Amino acid sequence: MKTPVTAPHNAHPDTSLSDEVAVLREENSALKRRVEWFERQLFGQKSEKRPVDNPHQPSLLGEPPAVTAPEGEQITVSYQRGKAPKQRLDDCVNDSGLRFTAEVPVEVIALTAPELTGTDADQFEIIGTKSTFRLAQRPASYVVLRYDRPVIKRKNAEQPLPSPAPDNVLDRSLADVSLLVGLLVDKFQYHLPLYRQHQRITQAGITLSRATLTNLVKRAIDLLRPIVGAQLENILLSRVLAMDETPIKAGKAGKGKLKQAWFWPLYGDGDEVVFTYSASRSRQHIEKTLKEDFKGTLISDGYAAYASYAKQNKKMTHAQCWVHSRRTFIEAESQEPGAVREALDYIAALYRIEEQIRDKSLTGDPKHQHRLKHSKPVVDSFYEWCDRQIRRGDLTPSNPLSKALGYVMKRETALRVFLEDPDAPLDTNHLERTLRPIPMGRKNWLFCWTELGAEHVGIIQSLISTCKLHDINPYTYLTDVLLRISEHPASRVEELTPRVWKETFADRPLRSDLYRDINPSSE
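Every value quoted in this text rests on a predicted model; they were computed, and no experiment measured them.

Calculation notes
Residues numbered from 1 in each chain as written. Predicted model: local features only at pLDDT ≥ 70, side-chain atom pairs only at ≥ 80, totals over all residues. Heavy atoms only, no water. Helix = DSSP H or I, 4+ residues; strand = E, 2+ residues; numbered from the N terminus. Buried < 20%, exposed > 50% of the residue type's maximum accessible area, 1.4 Å probe, protein only. Contact = heavy atoms within 4.5 Å. Areas by Shrake-Rupley, 256 points an atom, 1.4 Å probe, with all protein chains shown as cover. Core = buried A, V, L, I, M, F, W, Y, C linked by side-chain atoms within 4.5 Å. Axes fitted to C-alpha atoms, helices over the stretch in contact; angles between N-to-C directions. Parallel < 35°, antiparallel > 145°, perpendicular 65-115°, else oblique. Left-handed = near helix turned anticlockwise from the far one by under 90°. Nonpolar A, V, L, I, M, F, W, Y, C, P; charged D, E, K, R; others polar. Salt bridge = Lys/Arg side-chain N within 4 Å of Asp/Glu carboxyl O. Pairing = 2+ DSSP bridges. Right-handed = clockwise from strand over helix to strand, strands pointing away. Phe/Tyr/Trp six-rings, centres within 6.5 Å; stacked < 30°, edge-to-face > 60°. Lys NZ or Arg CZ within 6 Å of the ring centre and 35° of its normal. Patch = residues over 30% accessible without salt bridge, like charges linked within 9 Å, V, L, I, M, F, W, Y side chains within 5 Å.

(A) Geometry of the overall build of the protein chain. When helices and strands are counted, the protein chain shows 17 helices and six strands. Taken across its 523 residues, the protein chain has 36% of its residues classed as buried. In the protein chain, the share of contacts with a sequence separation of at least 24, taken over all contacts with a separation of at least 6, comes to 64%. As presented, the protein chain carries roughly 35,100 Å² of accessible surface, and 52% of it is formed by carbon and sulfur atoms.

(B) Structural context of helix α7 (residues 322–330). The buried fraction of α7 is high, at seven of nine residues. All of the buried residues in α7 are Trp 322, Val 323, His 324, Ser 325, Arg 326, Thr 328 and Phe 329.

(C) Here's a closer look at the nonpolar core. Residues Leu 224, Ile 227, Leu 290, Leu 298, Tyr 477 and Leu 478 are the most contacted members of the largest nonpolar core, which totals 74 residues. At ten residues, helix α4 (residues 210–235) tops the list of elements feeding residues into this core. If near-sequence neighbours (up to four positions away) are discounted, Leu 298 is found in contact with Leu 241, Met 243, Leu 290, Tyr 306, Tyr 309, Met 316, Thr 317, His 318 and Ala 319. Formed by 30 residues, the second largest nonpolar core is a distinct cluster that contains Val 378, Tyr 383, Val 408 and Leu 419.

(D) Representation of the packing of helix α5 (residues 283–290) against helix α6 (residues 304–312) in the model. Where α5 meets α6, the closest approach of the two axes is 9 Å, and the angle between their N-to-C directions is 50°. Taken together, the axis directions place α5 and α6 in an arrangement best described as oblique. Like other packed secondary-structure pairs, α5 and α6 cross with a definite hand, here right-handed. Each of Arg 283, Ile 286, Glu 287 and Leu 290 in α5 lies in contact with α6, whose residues at this interface are Ala 305, Tyr 306, Ser 308, Tyr 309 and Gln 312. Of the residues assigned to the contact of α5 with α6, the class counts are five nonpolar, two polar and two charged.

(E) Here's a closer look at the packing of helix α9 (residues 364–390) against helix α10 (residues 400–410). Running from N to C, α9 and α10 point in directions that differ by 140°, and their axes come no closer than 10 Å. Of the possible angle classes, the one that applies to α9 and α10 is oblique. Between α9 and α10 the crossing geometry is left-handed. Contact residues: α9 offers Phe 382, Tyr 383, Trp 385, Cys 386, Asp 387, Gln 389 and Ile 390, while α10 offers Leu 401, Ser 402, Leu 405, Val 408 and Met 409. Counted by class, the contact of α9 with α10 contains nine nonpolar, two polar and one charged residues.

(F) Inspection of the side chain of Gln 197 at higher detail. Tracing the backbone through its elements, the reader meets Gln 197 in helix α3 (residues 194–203). The exposure class of Gln 197 is buried, given its relative accessible area of 1%. Leave out the neighbours within four places in its chain, and Gln 197 touches Tyr 142, Gly 182, Leu 183, Asp 186, Lys 187 and Leu 192.

(G) How the structure looks around the pattern of salt bridges. Counting across every chain of the model gives 22 salt bridges. The partner of Arg 371 in a salt bridge is Glu 354, and the shortest N-O contact between them spans 3.0 Å. Residue Arg 371 is found in helix α9, and its partner Glu 354 is found in helix α8 (residues 337–360); the two are separated by 17 residues along the sequence. Note that Arg 492 is salt-bridged to Glu 495, the shortest N-O span being 3.1 Å. By sharing partners, the salt bridges in this structure join Lys 218, Asp 222, Arg 225 and Glu 455 into a single network.

(H) Geometry of the pairing of strand β6 (residues 317–320). As paired strands, strand β5 (residues 297–300) and β6 are joined by four bridges and run parallel to one another. Across the sheet, residue Thr 297 finds its bridge partner in β6, namely Thr 317. Between the parallel pair β5 and β6, the chain is carried across by α6, and the sense of this crossover is right-handed.

(I) Up close: the packing of aromatic side chains. As enumerated under the stated definition, the model contains 15 aromatic pairs in all. Their ring planes at 85° and their centres at 6.4 Å tell us that Trp 322 and Phe 418 sit as a pair that is edge-to-face. Placement of Trp 322 in helix α7 and of Phe 418 in helix α12 (residues 417–420) is noted, with a sequence separation of 96 residues between them. Like Phe 418, Trp 322 is buried. Ring geometry for Phe 329 versus Phe 382: centroids 6.1 Å apart, planes at 75°, classification edge-to-face. Of this pair, Phe 329 sits in helix α7 while Phe 382 sits in helix α9; the two residues are 53 residues apart in sequence, bridging distant segments of the chain. Among the aromatic residues, those joined into a ring-pair cluster are Trp 322, Phe 329, Tyr 346, Phe 382, Tyr 383, Trp 385 and Phe 418. Sitting over the face of the ring of Trp 262, Arg 281 holds its NZ or CZ atom 4.9 Å from the ring centroid. Residue placement shows Arg 511 over the ring face of Tyr 515; its charged tip is 4.4 Å from the ring centre.

(J) Spotlight on a nonpolar patch on the surface. A cluster of nonpolar side chains, Phe 100, Val 104, Val 106 and Val 108, forms an exposed patch at the surface whose accessible area comes to about 360 Å². Its place among the elements puts Val 106 in the loop between α1 (14–43) and α2 (177–188).

(K) Fine view of unusual backbone geometry. You will see that Arg 172, though not glycine, has its phi angle at about 55°, which is positive. Tracing the backbone through its elements, the reader meets Arg 172 in the loop between α1 and α2. We note that Asp 471 has phi near 55°; this positive angle belongs to a residue other than glycine. As for its placement among the helices and strands, Asp 471 is situated in the loop between α15 (451–469) and α16 (474–484). We classify Asp 471 as exposed; its relative accessible area is 69%.

(L) Focus on the pairing of β5. Judged by which residues are buried, β5 turns out to be covered on both faces: Thr 297 and Ile 299 on one side and Leu 298 and Ser 300 on the other are all buried. Bridge count for strand β1 (residues 240–243) against β5 is three bridges, and the pairing is parallel. Along β5, the bridge assignment pairs Ala 242 with Ile 299.

Written out as structure tokens, the structure is:
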């Protein structure tokens, strides 16, 4: 009979079990955070604004001055609740508040008073007119322009003389410039895919293939390529340049699969943006686009490719975005609400100072001095707080707060650039706002069938987004440029970029023949 083996007296059989439980708890916590992240993406609010719980909470910039009444005097505060008076704008044309510009067509419908058609109509007279305005809508309509050209010949000759067709944007094309621009604006500004536009054209009684629409869009965008190239050259001369990246599916990678590609938008000093395209997210695209002669300040998110490029290019300064740093703390809010609130208060104080700078219209050295006086102490206090937090004994490496602290401490130099450069913004929000059409488009046209198609998306979206930044109607701009580009000197192509076009041609844009006074057919 075998003797049972007994464990040594110093052995702890529960040690391995407790370690396993600790590992499982940590894994469970990590999985819960991942589920919370997905729930926020699906159901959470998209705005990053946070409500102010207590408007009287002391500011990190210092205590507000206390308001006290003189001794022996009381302050009486009364509250009166009532309905606010209705405020009407001066340009409202009737009681309904309808507002419109002079460009909106108005059709006049003349009504007759029943009293003027009765037996005693001679007893009434018209002393004035009262107008009522109603906003109406027509379904999207299409018009066929018929150009009647006279056929002539010399009286003593037998052969007729050729009668040239009117000039068109695309040679030997059935499309007027108004159709080309309508296709571009509907797809890339209002995210209406071509197959839906094709359905609308078909329902209007016109027979065209979808391949024809695709070819028209491609040929029109190819004409605009040099303009975007000139715009990119001007952006690269910027003193402060913002850069980001956003994914796009483009090109077939196999049966039923598409390649992962990227748009890399650049935002320059002149409020211009260009969406450059790359099949990868590697540093090589940054090097190819900016090259080694960029000497300004590049502001970006925390993606490592930008920092790697900055190490290689010693002529430039790399700044990073405070909003992306803020987002790393929000990821830790469920586990460390108190600490996260302190971090967000510090960052909020920086943005309050920026608001003061905007209110005072400070630029250059006054802006620099204001930041040094008010923003620098906040940044210093923030990093002192980060150093205290990172030394906490209860803060494990897997805690999201540890990752957030590591993120900002690793990027401290880049996050402090705005203190020395008054032209550098705190974040890349201005660039992210111009990125919105890309994800909006992805929800509608989903992907680009070819990589060339993705390049075309970047070209046209660069011009439409820049038009919005300069308060230009993209339809008016694209119509004028497409009509003008064939005769415009290539050496002055920069004049056709939206920023310069607004100063040069916006007051007398070219228009389609659709808006000329054409007598209708009398058939």
